[in-house]
Structure formats: C-alpha cells, structure tokens
2 protein chains.
Amino acid sequence: MKHFSDYRDHFAQALRQEVIPFWEKHSPDSEYGGYFTCLLRDGTVYDTDKFVWLQARQIWTFASLYNQLEARQEWLDLALSGADFLQQYGKDQEGRWYFALAQDGRPLVQAYNIFSDCFAAMAFGQLFLATNKEEYAEIARNTFHKILQRQDNPKGSYNKLVPGSRPLQGFALPMILCNLCLELEPLLEKEQVEQTIDQCIHTVMDRFYDSESGLVLENVQADGQVSDTFAGRLLNPGHALEAMWFIMDLGARRQDQALIEKANERALFMLDYGWDQQEQGIFYFLDRLGYPPEQLEWDQKLWWVHLEAMEACLKGYLHTRNNQNWQWFERLFAYTWPRFRDEQHGEWFGYLKRNGGPLHTAKGGKWKGCFHVPRALWHNWQTLDKIIHKYERDPK
Amino acid sequence: MKHFSDYRDHFAQALRQEVIPFWEKHSPDSEYGGYFTCLLRDGTVYDTDKFVWLQARQIWTFASLYNQLEARQEWLDLALSGADFLQQYGKDQEGRWYFALAQDGRPLVQAYNIFSDCFAAMAFGQLFLATNKEEYAEIARNTFHKILQRQDNPKGSYNKLVPGSRPLQGFALPMILCNLCLELEPLLEKEQVEQTIDQCIHTVMDRFYDSESGLVLENVQADGQVSDTFAGRLLNPGHALEAMWFIMDLGARRQDQALIEKANERALFMLDYGWDQQEQGIFYFLDRLGYPPEQLEWDQKLWWVHLEAMEACLKGYLHTRNNQNWQWFERLFAYTWPRFRDEQHGEWFGYLKRNGGPLHTAKGGKWKGCFHVPRALWHNWQTLDKIIHKYERDPK
C-alpha cells in the first residue's frame, strides 16, 4: 500500500527529473526566442509554428516554478525568452493576442481566441511576481481588462452564430476567470478581485449546474436553462473537474468550507459520470442525453483531463478528508501513471485511444505544450505535503 | 468467387431495400418541411437542427434518383419538400447559403462555408432536370456564379488567417468544382463549362499533385509548392480518391483516355498509401511526413471514404481493365460491407474506430446525411452494369 508521501515523491521526482528537463532541453528556440511545442516523443521538433496559448503557458510555467519551487536563474531566463518574443510579436494593433505566429514571429492566425489573452495575462502576471517589473504588470492588467470587455462575445467578428438566434454561453471563459482572478490578485484592485470572484462563483456554480441531473454543463442558455442542442447537451468532464478545483481554491481563500464541499461533491459526481466503465479512464466529451457527440474524438483519453481530475481529488481530500476522494485519486493514479508518463524520454503522452493505447506518441503539438503536466505535478506534490501535514502530523 | 453481377446486385438491393427506405421513412419533417438528419441507428430523431449541406444533398439525392433510377412521384415530392424549405429559409441577404438552420428555418450559423453553396447548386440543378422549372435553374446558376466569385477567399470575413501570411490553397473546392461543372452542364453556357473544366483539371491534377512523392495534397502554396506546415503536410486519402473519379468522369466526357489513366494511377497510389496495413481500412487523415496530424480523428475509418474508394476502383476498372482496380475493389468491399452496412435498420454506420468497431451507431448527424451511401450505391451499380456490358458481353 502506498502512503501519501510515496505519491508525493512520485510527483516531485517526475516533475524535477522527467518533465522540467524535457522542456528545458527541447523547447527553446535559440534563434528567434520563444518555444517549440511540436515535439516528437524524443523531443525532436516536427513543426516550428508558435501558438500563443502555448507560448504564454510555458512562460507562466517557468515563471511559476521560479517563484514557487526554486529561484533558478535559468528558469527565469527561459520564461523571459518567451516573454520577449510575445512582447515583440504577440499582439495585434488593437492589443489582442494572436492565436498563432510563425517561428520568426510573423502573425499567422488572427486574435479570434480569447484564451490566448487569458494565458498571456497569467504569464505576465507571474513574470511580474518574479521580476517586480512594472511593465509586466501593465501587460497583465491591460490584457485582463480587455478580456472582461470582450467576455460577452469573445470571438468578436469571427463568431459564426447568427446574433440572437441561440444565445448560449460557454463554460470555458468563466471557468478560466476563476483561476485568472486569483493569479492576478496581486496586480488588481481589491474590489475588482472580489467582484470578479463573486461573479465567477455564481456563474460556474449556479448557471452551469443542472440541479436536475447533477451535471456541470459546457453550454447553457442566457437564463441558465438547459438547451437540447449539440452544444447544450455537451459535457466535458475534464473541464468540470478543473473548474471544481479552481472553485476549491477560491473557497479556501475565502475560508468558505460549504463552497469547497459543494465543489468537491460535484467533482466526484462528474468523475463518476465521466468514467469509462468498460475501458477505464475519463471520456473527453459526452452527450448528457447519451447521443453521439459531434466531436469524433469524444471517447479518447487526454492527459490534461486525468491530471486535472487527480488535482481535484487531492484538493478535495485536503479540505474534506472524504474517503471517496482518496479512492478516486488512487484509481486515477493507477490508470494514468503507466499510460501517460514516458519514463524513457520525459514529459507525458497526450492522447490515448479509448482502450488506453497511444493515438500517437508526440509530446506536444498545437494544443499540448508545457503546462498541464508540470502544473499538476507541482500542485499535487504541494497538496500532498499539506495533506501529510494536516492528517499525519504524527504518523505511526 | 463473386461475379460482377453479384456485386451489382448487392449495391442495387441495398440501395432499394435498405437505404432509400430509411431516409424516406425517418428523415422527412412533416411539420416544417426539409429533413432531419440527426438520426439514431433505428431512425429516431435525436436533434432537429438542419444543416444546409445535408438538406441540399438530400434534395440532390432524391431528385437524382427520380431523374435516373425511376420517376417515382414520391421521390420528387420528397426533393421538393426540401427545396421549398431551402428556398424559403436557406439564403442570407447577400444570396449566400447559411450553414445551419433551426428546425423551423430560423438561421443559426452564418454563410461561412462555401460548400453549402456547392451542394445547393447541385440540388437545384437536379431539380431543374426533374421539373424543367426555370426558377430552379436560376437558383443553381446564380449560386454557381457566386461560388466562382468567392473561390479565392471562400470563408470571407470568417477567414482567421492573417492575409498574405501563408497563402495556402485548399483541395476541397477545386475538387468539388470538377463535379459541379458536370452537374450543371445543362444549365451553363458551353464556353463557361469548358473553361471551368480546363481550370479544374489543371488545378486538381497539376497544382495539388506532388510528383516527388506521388501524393495528392490537401493544401499547397499559391505557386503549387509543398508547404512544411500542419496544413501543408495533411493528406486526406478519401478526398483524393473521390477527386480522381470526378476526373475520370471528366476524362470520359472528353474521351481523354490518358487523363483517365493518370487519375486511375493516382487513385491506386493514394489507396495503397492510405490503407491501414495493421487494421485494414483507409485512414481519414495522414501527415505526409509521418508526423501526428492535428486531427485527433485521423485514424478513424469513415463511411464516405470507403464508398468513394470503391467508386474510384470501379470507374478505373471500367476504363482501364487494370487488375489492380478489381483486386482493390474486392478488398474494399470485403472490409466495408460487413462493417458499415446495417442490414437490420438500413443505411450505413458512419464512423468506425481504427480497429473497425463502431465509434457510435447513429445513421446521421451534422456531417452525415442522405448522400454518399445512395450516390455510391447507385453509381457502383451503374458502373458494374457498364463493366458487364463492356467486358462480359458474351459471358460463358
């Protein structure tokens, strides 16, 4: 039987020995700055395009590691290399962040995707904490305010829905704001932080929760009613699980145990609902009425889903000591560790087929970079430390 | 050993007894007109949205069956029900066809997708042949001219690529124009038809063909050079196979045997390249350098890919009597018939996992309606008749 500390040591060791070194070694673009993220199993670069989501997330990761794990200059330098690149090339004339850039920084794909902005704000927020340079705070704050301005129509002129025809709201942006407002708390005015937190908790916990089914939905009508449409039936268990640990973080900050318990219950429910009884692992997408989801990749098992699920389980366990949390965590770990982790080359595989075999063995691409694996390994390590401290102060 | 006529009878019987009745029974919307295409295995409607691609394709299918197979009034009526619906609700103020409508015709998704227009032109062209009503010819012609006007930037303001940054041309539109100009030949001026055919043949056979690898590419640079990017590395064997029988049709019309033979060689090459040696079937997407495609569904086996492949093999066999065509056809039939066909409820399953098991069992959705199955069954039946006539005039 494994102890808390065994799991903690697994996370710590994988982070320090397998994951950070992979990105340090293979991702830096020494010619133009920024990072390669399209990396094969052994780290070979197979495409040089630079996706702003992933550039920003890697800046955030290395700045966070510098701020929280260890103030190693090379980590800060790596973060700064990405920041220089994004400062020079990342934004369009209206101050919105592009979606994709060429290796040399030329813009390729317009700023249609507000999550580029969300991750840029996180990146420059962490860099401000690392360097105390006001210019980074300024970028983070300006970006944050633009996100709030755009939040009602994040895709702007690229929104293909006929205005007013079926006004559904998506879960992803309010969910990310839950995390972003805590990330940027040191840079924002207190009142704005509290107001944003109130709004986020309300949106995520009330509007997107279907009390009849107990499910956290991906898209709801403007009044919070469910919609019997492809988008309205969509479930993304990984999203829900990630959001529930964001909410637990907010609950911890506010010392609101009831909120934490509610978020934890919903996380456990979504985990149970999203679990593949036949082949194990958590489905990527489901239809809440059991119809075929539009997404052909619905039955695949994705790295980030399983990492966010473990994080939700551990944070829930820390705050509630609910046995179900621990049981789910162990089950997830047993599924995840041997299938996603690549002991030989470092980092994790991203995409498994329903049966748990690899869809491909690349370590990164257009949507996978240096973010979920190091973040979750670091958080899980820290959460397990807190669990040990809280519940095993005097271990046998 | 099966004879030509056995296969012909399989196609004819499946079309008449399993496929046409499925759509006649389950798809008509008696309340608002038009068709439901989101149908479960047994035909139950699970979503009522109406996608213009699929509305138009079903009009085309039933009008074609009326024109070519048998002048049954109920088939024409079914086509007209869809046409009335599309005439009333299908176009925006600028005469472009919407992508999606609600059940009652309200527009849901803007006209960002030029293939809605391509299939609308085909639909109204066939309806003109069925009814001789000039208003249908007018719609088809106007739509065709608008397609030609938009062909250099088909997505218009919904194009998210930064102008000039990486000007790749996509294969799908020139490929469809190959077929569309033959479909609309009776409605267009002779000179325009010949000009369009010249241009289509050149684009499909020269610009998108990589002579070094022998591959038909999905996206090329403006000057026809290959591009080492996600889009530039993408292969879609089903697209290439469908395009090659379009070209063989053009070759037959022009009595250009050399063109037919070239198209057939390329079809056989793409079939061999796209075939899954491990698990059989044709991959949906591949990367020409062997890297992971961006599309997570790359290894799935899709109904239309296998139908278009059989059609290319049979048309190639008719025109060249190449033994490889027949061997490939038999191999494809043996793979396809037991896995995609649903003897119990009619129509075909659409999506198989790499291993040949169903991804889901629905008969239609946002992208699958009444089109590829009946078209290919009908064409294959007719091609086999011609093969029998040509090569077995005096069978033993």
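This report concerns the structure included in the present document.

On to a positive patch on the surface. Together, Lys155(A), Lys160(A), Lys155(B) and Lys160(B) give the surface a local cluster of positive charge. Tracing the backbone through its elements, the reader meets Lys155(A) in the loop between α5 (134-150) and β6 (168-170).

Side chains that are three or four residues apart share a direction in an α-helix, a result of its 3.6 residues per turn. Residues and elements named next belong to chain A. The end-to-end C-alpha distance of helix α7 (residues 190-207) is 25 Å, a good match for the 26 Å that 18 residues give at a rise of 1.5 Å each. Of the residues making up α7, those classed as buried are Val193, Thr196, Ile197, Cys200, Ile201, Thr203, Val204 and Met205. In an axial view of α7, the angular spread of the buried residues amounts to 165 degrees, which keeps them on one side of the axis. Exposed and oriented more than 90 degrees from the buried face of α7 are Glu191 and Gln195. Against the buried residues of α7 lie α5, β6, α6 (172-183), β7 (209-210), α9 (237-253) and α10 (257-274).

Residues and elements named next belong to chain A. Scanning the model with the defined rule gives 66 salt bridges over all chains in all. Taking the shortest distance from any N to any O, the salt bridge between glutamate 138 and arginine 141 comes out at 3.4 Å. One end of the pair, glutamate 138, and the other, arginine 141, are both in helix α5, three residues apart, so they sit about a helical turn from each other. Glutamate 138 sits in the partly exposed class, given a relative accessible area of 36%.

For the coordinates displayed, the defined rule picks out two cavities of 30 Å³ or more. Of the voids in this model, the largest cavity is the one considered here, and its volume is about 70 Å³. Around the largest cavity, the lining residues are Trp60(A), Thr61(A), Ser64(A), Leu65(A), Gln68(A), Pro374(A), Arg375(A), Trp378(A) and His379(A). Among the elements of the structure, α2 (52-69) and α13 (372-391) of chain A are those that each provide at least two residues to the lining of the largest cavity. Of all the elements, α2(A) adds the most residues to the lining of the largest cavity, at five residues. Here the lining of the largest cavity is composed, by residue class, of four nonpolar, four polar and one charged. If you add up the space inside the second largest cavity, you get close to 60 Å³. What lines the second largest cavity is Trp60(B), Thr61(B), Ser64(B), Leu65(B), Gln68(B), Pro374(B), Arg375(B) and Trp378(B). Put simply, the parts of the chain that give the lining of the second largest cavity at least two residues each are α2 (52-69) and α13 (372-391) of chain B. Examining the composition of the lining of the second largest cavity, we find that five residues originate from one element, α2(B), more than from any other.

The next point concerns the relation of the copies chain B and chain A. With an RMSD of 0.0 Å, the operation that places chain B on chain A is a rotation of 180 degrees combined with a shift of 0.0 Å along the axis. One copy is carried onto the other by what is essentially a two-fold rotation axis. Take the interface residues of chain B: 100% of them recur as interface residues in chain A, which is what a same-surface contact looks like.

What counts and what doesn't
- Residues numbered from 1 in each chain as written.
- Chains lettered and ligands numbered in written order.
- Predicted model: local features only at pLDDT ≥ 70, side-chain atom pairs only at ≥ 80, totals over all residues.
- Heavy atoms only, no water.
- Patch = residues over 30% accessible without salt bridge, like charges linked within 9 Å, V, L, I, M, F, W, Y side chains within 5 Å.
- Areas by Shrake-Rupley, 256 points an atom, 1.4 Å probe, with all protein chains shown as cover.
- Salt bridge = Lys/Arg side-chain N within 4 Å of Asp/Glu carboxyl O.
- Lys, Arg positive; Asp, Glu negative; His and termini not counted.
- Charge placed at Lys NZ, Arg CZ, Asp CG, Glu CD.
- Helix = DSSP H or I, 4+ residues; strand = E, 2+ residues; numbered from the N terminus.
- Expected span 1.5 Å × (residues − 1).
- Buried < 20%, exposed > 50% of the residue type's maximum accessible area, 1.4 Å probe, protein only.
- Arc of directions from axis to C-beta.
- Contact = heavy atoms within 4.5 Å.
- 1 Å grid on protein atoms, 1.4 Å probe; cavity = no way out; pocket = protein on both sides within 12 Å on 5 of 7 lines; lining within 4 Å.
- Points joined across faces, edges and corners; volume = space filled by probe spheres on them.
- Nonpolar A, V, L, I, M, F, W, Y, C, P; charged D, E, K, R; others polar.
- Least-squares fit on C-alpha atoms with pLDDT ≥ 70 in both.

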